[in-house]
Amino acid sequence: MIIPLNQTRADVATAPAPTATYIPAPAEFYRQRGPARDSFQRHINYLRISLTDRCNFRCLYCMPEHGAHFAPRDELLTDAELLRVVQAAAAVGFEKIRLTGGEPTLRRNIIEIVRGIAATPGIREISMTTNGLRLADTAQQLKDAGLTRVNISIDSLDPAKFRSMTRGGDFARVWAGIEAAERVGFRPMKLNAVVVRGLNDDEVADLARLTLDQPWQLRFIEMMPLAGVGELAEQSVVPTTEIIAKLEQVYGPLEFVGWFGSDPARTYRLPGGQGTLGFISSITEPFCSTCNRMRLTADGKLHLCLLRDNELDLRSALRGGASDDDLAALMRQAVWLKPWGHGLPDGIKPTLRGMSELGG
Ligand code: SAM
Ligand code: SF4
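Residues numbered from 1 in each chain as written. Chains lettered and ligands numbered in written order. Predicted model: local features only at pLDDT ≥ 70, side-chain atom pairs only at ≥ 80, totals over all residues. Heavy atoms only, no water.

Q: Can you help me understand the overall build of the chain in this one?
A: Within the chain one finds 13 helices and twelve strands. A compact globule built from 360 residues should have a C-alpha radius of gyration of about 21 Å, and the chain, at 20 Å, falls within 12% of that. Dimensions of the chain, computed from C-alpha atoms along their principal axes, come out at roughly 60 × 45 × 40 Å. When burial is assessed residue by residue, the chain has 57% of its 360 residues classed as buried. Once local pairs closer than 6 in sequence are excluded, the contacts in the chain between residues at least 24 apart make up 74%. When the accessible surface of the chain is summed, it comes to about 15000 Å², and 53% of that surface belongs to carbon and sulfur atoms. (Helix = DSSP H or I, 4+ residues; strand = E, 2+ residues; numbered from the N terminus. Rg over C-alpha atoms; globule rule 2.2 N^0.38 Å. Buried < 20%, exposed > 50% of the residue type's maximum accessible area, 1.4 Å probe, protein only. Contact = heavy atoms within 4.5 Å. Areas by Shrake-Rupley, 256 points an atom, 1.4 Å probe, with all protein chains shown as cover.)

Q: What's the story with the site of ligand 1 in this structure? I'm lost.
A: Every one of the 19 residues lining ligand 1 counts as a neighbour, but Tyr61, Gly102, Ser153, Asn192 and Met224 are closest to it. In this structure, tyrosine 61 approaches ligand 1 through a main-chain N or O atom, which is 2.8 Å from a nitrogen atom. The contact in question runs from a nitrogen atom of ligand 1 to an N or O atom on the backbone of glycine 102, over 3.0 Å. Here ligand 1, which alone exposes 550 Å², has 95% of that area covered by the protein. Secondary structure elements with two or more residues in the shell around ligand 1: strand 3 (125-130), strand 5 (190-195) and strand 6 (217-222). Taken together, the residues of the shell around ligand 1 break down into seven nonpolar, ten polar and two charged. (Near = heavy atom within 4 Å. Polar contact = N/O pair within 3.5 Å; in protein donor to acceptor, adjacent residues only side chain to side chain. Nonpolar A, V, L, I, M, F, W, Y, C, P; charged D, E, K, R; others polar.)

Q: Quick question: what am I supposed to make of the sheet that holds strand 7 (residues 255-258) here?
A: Adjacent strands of a sheet pair through backbone hydrogen bonds, lying either parallel or antiparallel. In spatial order, the strands read 7-8-9-6-5-4-3-2-1-10-11-12; together these twelve strands make up an open sheet with mixed pairing. Two strands lie at the open edges of the sheet, namely strand 7 and strand 12 (311-313), each paired on one side alone. For this sheet, the mean angle separating the axes of adjacent strands, direction not counted, is 25°. Note: strand 3 against strand 4 (residues 149-153), four bridges, orientation parallel. Counterpart to threonine 129 in the pairing with strand 4 is asparagine 151. Set on the sheet, helix 8 (residues 204-213) makes contact with strand 5, strand 6 and strand 9 (276-280); between it and strand 6 the angle comes to about 150°. (Pairing = 2+ DSSP bridges. Axes fitted to C-alpha atoms, helices over the stretch in contact; angles between N-to-C directions.)

Q: Can you walk me through the packing of helix 8 against helix 10 (residues 240-251) in this structure?
A: Axis angle and axis distance: for two packed helices, these are the angle between their axes and the distance between the axes, and together they describe the pair. Their axes nearest at 10 Å, the elements helix 8 and helix 10 cross at an angle of 65°. Put simply, helix 8 runs roughly perpendicular to helix 10. The element helix 8 and its partner helix 10 pack so that their crossing is right-handed. Across from Val204, Ala205, Ala208, Arg209 and Leu212 in helix 8, the residues of helix 10 making contact are Ile243, Lys246, Leu247, Val250 and Tyr251. Its residues assigned to classes, the contact of helix 8 with helix 10 comprises eight nonpolar, no polar and two charged. (Parallel < 35°, antiparallel > 145°, perpendicular 65-115°, else oblique. Left-handed = near helix turned anticlockwise from the far one by under 90°.)

Q: It is not clear to me how empty space enclosed by the protein should be interpreted in this structure. Could you clarify?
A: If a probe as big as a water molecule is rolled over the atoms, it shows which places are left empty. Under the criterion given, the structure shown has one cavity of 30 Å³ or more. The computed volume of the largest cavity comes to approximately 40 Å³. As for the largest cavity, its lining consists of Asp53, Ala71, Leu76, Thr297, Ala298, Asp299, Arg353 and Glu357. Classifying every residue of the lining of the largest cavity by side-chain character gives three nonpolar, one polar and four charged. (1 Å grid on protein atoms, 1.4 Å probe; cavity = no way out; pocket = protein on both sides within 12 Å on 5 of 7 lines; lining within 4 Å. Points joined across faces, edges and corners; volume = space filled by probe spheres on them.)

Q: Can you help me understand the pattern of salt bridges in this one?
A: Where side chains of opposite charge bring their charged atoms close, a pairing between them can arise. For the coordinates displayed, the defined rule picks out 19 salt bridges. The closest approach of N and O atoms between arginine 54 and aspartate 53, which form a salt bridge, is 2.9 Å. Glutamate 357 is the partner of arginine 353 in a salt bridge, and the nearest nitrogen-oxygen pair spans 3.3 Å. Taken as a pair, arginine 353 and glutamate 357 share a single burial class, namely buried. In this structure, a network of salt bridges that share partners links the residues Asp299, Glu311, Arg353 and Glu357. (Salt bridge = Lys/Arg side-chain N within 4 Å of Asp/Glu carboxyl O.)

This is the structure we're talking about:
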């Protein structure tokens, strides 16, 4: 099922219930060979997989405190279905996988899932975005299973503020997770901070200071208006230019390191820093022209652009008897249908899913 641009979750809810059959991809997608390209000739080779829409935090820029939408268990892809999608993705040229969520470390069998993905021919990198709460206990197993890198979210170094931004998160345990990730050798280590006006924008210099002594990358992310947090985002986004100005007041001019390939982050360095700073300016300076990614939701939909609602239903195909060739053709079709970029400048906002369903 492709959800057109202007449809909302309410429209989808009133649509006829999906059956166990699916609409096969048009024949042209069976004939294509080589890595999948979208209609703008971008090579799409990076799949972000949301392993679960559940989370043990309720970050206020991501989820509502109460009443978040969770998919019923029988709608979530099983481990075997997930691995079939990864194989189909690899067959059409996807090489990089990122596990995310919700909180990916809550997924049962996470170690076996990582091992299964690592064993898939064609996949050369598996990373994870995590809140770090469970990492102290699982980092070594994840590394041994084949995980190559982690991004850990940390929006504040003040335990009380951290608790309030995550609605209950334990800073000490997350910090222990960061230390465990460092110890087991996840490199380069990246830390994500969403900057929210009035909450942690006074802390950007303290967060950046971590990169003076550590070879980490601290990534400052502009808040995006996903479903459920649109109003907060509109009031609270802190533009990258403002963050850089604050940092330069404290540290002097930042050194521009580069903007590499399809990395959404522009990279800078504090004078004398061991690590780097990344700025992800999705709102004020979108990077859609170099986008190389596609997202798979925990309930089996290919979500074609983070900030748009278009999706293609793979779960019906998986449960309706699709062959490996059928799945690969559907992956090619999804890539072809990928929109050029988000529609925020034209007032088109995502309404279907929150960030905790999409994984960032
Ligand atoms: N739970 C994991 C975590 O927090 O790292 C993985 C999922 S989380 C949705 C992935 C990333 O999205 C995190 O770095 C988080 O900070 C970021 N994020 C969440 N809501 C956001 C928003 N509204 N705008 C920008 N980034 C957001
Ligand atoms: Fe959970 Fe991550 Fe969203 Fe925070 S950002 S609520 S940790 S999914």
